[in-house]
Amino acid sequence: MTDAPLLAAARRNNPDDAVPVWFMRQAGRSLPEYREVREGIAMLDACAMPDLVREITMQPVRRHGVDAAIFYSDIVVPIKAVGLDLEITPGIGPVIAEPIRERADLDRLPELTPDMVGYVSEAVGLIVAELGGPDSAVPLIGFAGAPFTLASYLIEGGPSKDYARTKALMLGDPDLWHGLCSRLAQISRVFLEVQVAAGAQAVQLFDSWAGSLPARDYERYVMPHSAEVLSALGATGVPRIHFGVGTGELLPLMGAAGADVVGVDWRIPLDEAARRVGPAYALQGNLDPALLGAPWEVLAERVRDVIRAGAAADGHIFNLGHGVPPKADPATLSRVVELIHTEGPELRRAARAAAGRKDDQ
Ligand SMILES: Cc1c2[nH]c(c1CCC(=O)O)Cc1[nH]c(c(CCC(=O)O)c1C)Cc1[nH]c(c(CCC(=O)O)c1C)Cc1[nH]c(c(C)c1CCC(=O)O)C2
């Protein structure tokens, strides 16, 4: 039995030099069929409707022919499931009614148990069945938010530009910080374990905003909690992808936290990322989402550049450096997938052969 291309690349066991591709936020507002089925249904209500979640998760797979589905949910779904009062406000993001600021606030964050997210198991089961079962060529990626990124929403009360309150609490009250992050690690771990138990074949831990930290603080205050989540998931045997935005200086630590695949945004080229993390990791990324609006030939050449640079890693999963912008033209995304599938293996082989010749000199 051969691995699905995405799983083969994640495991760096990729003799065909396939370049699998999916897009963060591939399900969502860029798709008219998404806007249609979401009409009149709040985001968090939609996340608790298994058949709707199946439909939304499958939409980009049908339309673009991507090599993975990503579970339609949100990083704050398990936080809401344990009982914290929050909403997702369109155009803004998660908004927390009463932010977490002191020790007593931790009482509002009890442990997550699988029965609290029964609709997640149910939706994952429906999606994996529609994809063709556990050995499908198109696996389902489950995901969760990492403790730092979740903590930033809970402490700030919503999205933030500077994470000032988060950093003040982290450095000013390390006991409370570690108490909060331990609880969030438990919640993320169980949320991921539920998805894997129901059939998800890979997982991604989103630490979207960790790039706001210097490596020294990341290593001390954040990495142990993300490592707890990732190492627990290691027991399931599914590949673990670890991603954040602006994390060029954190990449080696994000790998060492227990990832199989390190996700990279568009700010550094993948060959440089490969040098930084070393040979023990596959890479995922890293086309600048803003370039989806550039003239096709310009975009196509950048897609080829990403594939060539990604050849420096033994496994490369093509993705954007962050999510699909809501205004992206879906036809452009489909064309990018087709280009990667038709030209990817040859571009990758040629780049690897050229690098090999250089090594031999
Ligand atoms: C930081 C973060 C959040 N949510 C998530 C992250 C980490 C990924 C990242 O870095 O972007 C994770 C997430 N959220 C969503 C997915 C679904 C799967 C996919 O990638 O296709 C995933 C993986 C759906 C969603 N989550 C959200 C939407 C848009 C709201 C909608 O469609 O009504 C979707 C499709 C809402 C959301 N939720 C969040 C934000 C910032 C927003 C955007 C608010 C807005 O612009 O309206 C928090």
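Residues numbered from 1 in each chain as written. Predicted model: local features only at pLDDT ≥ 70, side-chain atom pairs only at ≥ 80, totals over all residues. Heavy atoms only, no water.

In the nomenclature of an unreviewed UniProt entry, the protein is known as Uroporphyrinogen decarboxylase of Ammonicoccus fulvus. According to its UniProt record, the protein has this under Subcellular location (unreviewed entry): "Cytoplasm". In its Subunit (unreviewed entry) section, the UniProt entry covering the protein states "Homodimer." (UniProt positions renumbered as here; feature names shortened; annotations may be inferred.)

J.: In this structure, what is going on with the site of the ligand? I would like to understand it.
T.: Around the ligand, a shell composed of 26 residues is seen, among which R25, Y34, G91, S208 and H322 lie nearest. The contact in question runs from an oxygen atom of the ligand to an N or O atom on the backbone of A27, over 3.0 Å. Note that an oxygen atom of the ligand is positioned 2.7 Å from one of the side-chain N or O atoms of R38. Of all the elements in the fold, those that place two or more residues in the shell around the ligand are α2 (32-38) and β3 (93-96). By residue class, the composition of the shell around the ligand is 16 nonpolar, 6 polar and 4 charged. (Near = heavy atom within 4 Å. Polar contact = N/O pair within 3.5 Å; in protein donor to acceptor, adjacent residues only side chain to side chain. Helix = DSSP H or I, 4+ residues; strand = E, 2+ residues; numbered from the N terminus. Nonpolar A, V, L, I, M, F, W, Y, C, P; charged D, E, K, R; others polar.)

J.: Before we go on, may I ask you to explain the sheet that holds strand β4 (residues 140-145) in this structure?
T.: Backbone-to-backbone hydrogen bonds join strands into a sheet, with any given pair of strands oriented parallel or antiparallel. Spatial strand order, β1-β4-β5-β6-β7-β8-β9: 7 strands in an open sheet with parallel pairing. The sheet is open, and its two borders are formed by β1 (69-70) and β9 (316-320), each paired with just one other strand. Relative to strand β6 (residues 240-243), strand β5 (residues 202-206) runs parallel, the two sharing 4 bridges. Along β6, the bridge assignment pairs Q204 with I241. (Pairing = 2+ DSSP bridges.)

J.: Looking at this structure, how should I read the packing of helix α7 (residues 147-156) against helix α8 (residues 164-172)?
T.: Each pair of packed helices can be summarised by the angle the axes make with each other and by the distance between the axes. Taken N-terminus to C-terminus, the directions of α7 and α8 make an angle of 105°; their axes are 8 Å apart at the nearest point. By the angle class used here, α7 and α8 are roughly perpendicular. Contacts between α7 and α8 involve F148, S152, I155 and E156 from the former and A164, R165, T166 and L169 from the latter. Taken together, the residues of the contact of α7 with α8 sort by class into 4 nonpolar, 2 polar and 2 charged. (Axes fitted to C-alpha atoms, helices over the stretch in contact; angles between N-to-C directions. Parallel < 35°, antiparallel > 145°, perpendicular 65-115°, else oblique. Contact = heavy atoms within 4.5 Å.)

J.: When you look at the pattern of salt bridges in this model, what are you seeing that I'm missing?
T.: Proximity of charged atoms lets side chains of opposite charge pair with each other. Under the counting rule described, the total for this entry stands at 23 salt bridges. Linking E33 and R63 is a salt bridge whose minimum nitrogen-to-oxygen distance equals 2.8 Å. Separated by 30 residues along the polypeptide, E33 in helix α2 and R63 in helix α4 (residues 50-64) bring together distant segments of the chain. Residue classification places R63 among the partly exposed positions, given a relative accessible area of 35%. Each of D51, R54, E55, R62 and E130 takes part in one network of salt bridges that share partners. (Salt bridge = Lys/Arg side-chain N within 4 Å of Asp/Glu carboxyl O. Buried < 20%, exposed > 50% of the residue type's maximum accessible area, 1.4 Å probe, protein only.)

J.: Looking at this structure, I do not really get the UniProt feature "domain: Uroporphyrinogen decarboxylase (URO-D)" (unreviewed entry) in the protein. What am I missing?
T.: When the UniProt feature table is mapped onto this chain numbering, "domain: Uroporphyrinogen decarboxylase (URO-D)" (unreviewed entry) sits at residues 20-29 and 141-157. Between the C-alpha atoms that bound residues 20-29 the distance is 23 Å, and the span itself is 0% helix and 0% strand. Within the segment residues 141-157, helix and strand shares are 59% and 29% respectively, and the terminal C-alpha atoms sit 28 Å apart.

J.: Would you take a moment to explain α8 for this structure?
T.: In an α-helix, one turn spans 3.6 residues, which is why side chains three or four residues apart end up on the same side. Looking only at α8, the buried set comprises T166, L169 and M170. Viewed along the axis of α8, the buried residues span an arc of 100°, placing them on a single side of the element. Elements in contact with the buried residues of α8: α7, α9 (174-197) and α10 (215-234). (Arc of directions from axis to C-beta.)

J.: In this structure, what is going on with the packing of aromatic side chains? I would like to understand it.
T.: Working definition: an aromatic ring pair is given by the centre-to-centre distance plus the angle between the planes. Under the defined criterion, the tally for this structure stands at 5 aromatic pairs. Taken together, a centroid distance of 6.1 Å and an interplanar angle of 85° make the contact between F206 and F243 edge-to-face. Highlighted residues: F206 in strand β5 and F243 in strand β6, separated in sequence by 37 residues. Residues F206 and F243 agree in their burial class; the two are buried. Through a chain of ring-to-ring contacts, the aromatic side chains of F143, F206 and F243 assemble into a single cluster. (Phe/Tyr/Trp six-rings, centres within 6.5 Å; stacked < 30°, edge-to-face > 60°.)

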